[in-house]
Amino acid sequence: LRRDIVYGLLKEVTGVVCQKPEGAFYMIAKLPIEDMDDFLTWLLTSFDIDGETVMAAPAEGFYKTRGLGKNELRIAYVLEEEPLRKAMKILTEGLKKYIELNGVSLV
């Protein structure tokens, strides 16, 4: 069920590409942005919902091939369901705001 929470909320955001994992406790998602480090730094320093934000891992460090994962995010869904829903809401709303602020084209 936790996997379905993460997958379902990510798929609601235009431009996000991900596959539902079959057996892992994490998911890699390609986001419609160029630089995951920039997005995650912005998320931590400039975005919150009710004073809360989230931290996630860029997927680039999980690849051997240089340059892969630069626009991908690795999400571990190990939290209980309600905290996970809350964290994913913050992440997805933050992503939408970041896209809006940076004029990302989703065509």
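This write-up is about the structure you can find in this document. As the structure is a prediction and not an experimental result, all values here were calculated from the model.

Quick look at the packing of aromatic side chains
1) Next: Going through the model one piece at a time under the given rule, you end up with 5 aromatic pairs.
2) Next: Seen in terms of ring centroids, Phe25 and Tyr26 are 5.9 Å apart; in terms of plane orientation they differ by 80°. Their pairing is edge-to-face.
3) Next: Exposure remark for Tyr26: the relative accessible area of 30% places this residue in the partly exposed category.
4) Next: When the ring centre of Phe62 is taken as reference, the NZ or CZ atom of Arg74 above it lies at 4.3 Å.

Looking at the side chain of Thr92
1) Next: Considering the arrangement of structural elements, one finds Thr92 in helix α3 (residues 81-101).
2) Next: Thr92 gets classed as buried once you look at its relative accessible area, which sits at 6%.
3) Next: There is a polar contact of 3.3 Å between the side chain of Thr92 and the backbone oxygen of Lys89.
4) Next: Excluding residues that lie within four positions of it along the chain, Thr92 makes contacts with Leu9, Leu10 and Val13.

Reading the values: rules and limits
- Residues numbered from 1 in each chain as written.
- Predicted model: local features only at pLDDT ≥ 70, side-chain atom pairs only at ≥ 80, totals over all residues.
- Heavy atoms only, no water.
- Phe/Tyr/Trp six-rings, centres within 6.5 Å; stacked < 30°, edge-to-face > 60°.
- Buried < 20%, exposed > 50% of the residue type's maximum accessible area, 1.4 Å probe, protein only.
- Lys NZ or Arg CZ within 6 Å of the ring centre and 35° of its normal.
- Helix = DSSP H or I, 4+ residues; strand = E, 2+ residues; numbered from the N terminus.
- Polar contact = N/O pair within 3.5 Å; in protein donor to acceptor, adjacent residues only side chain to side chain.
- Contact = heavy atoms within 4.5 Å.

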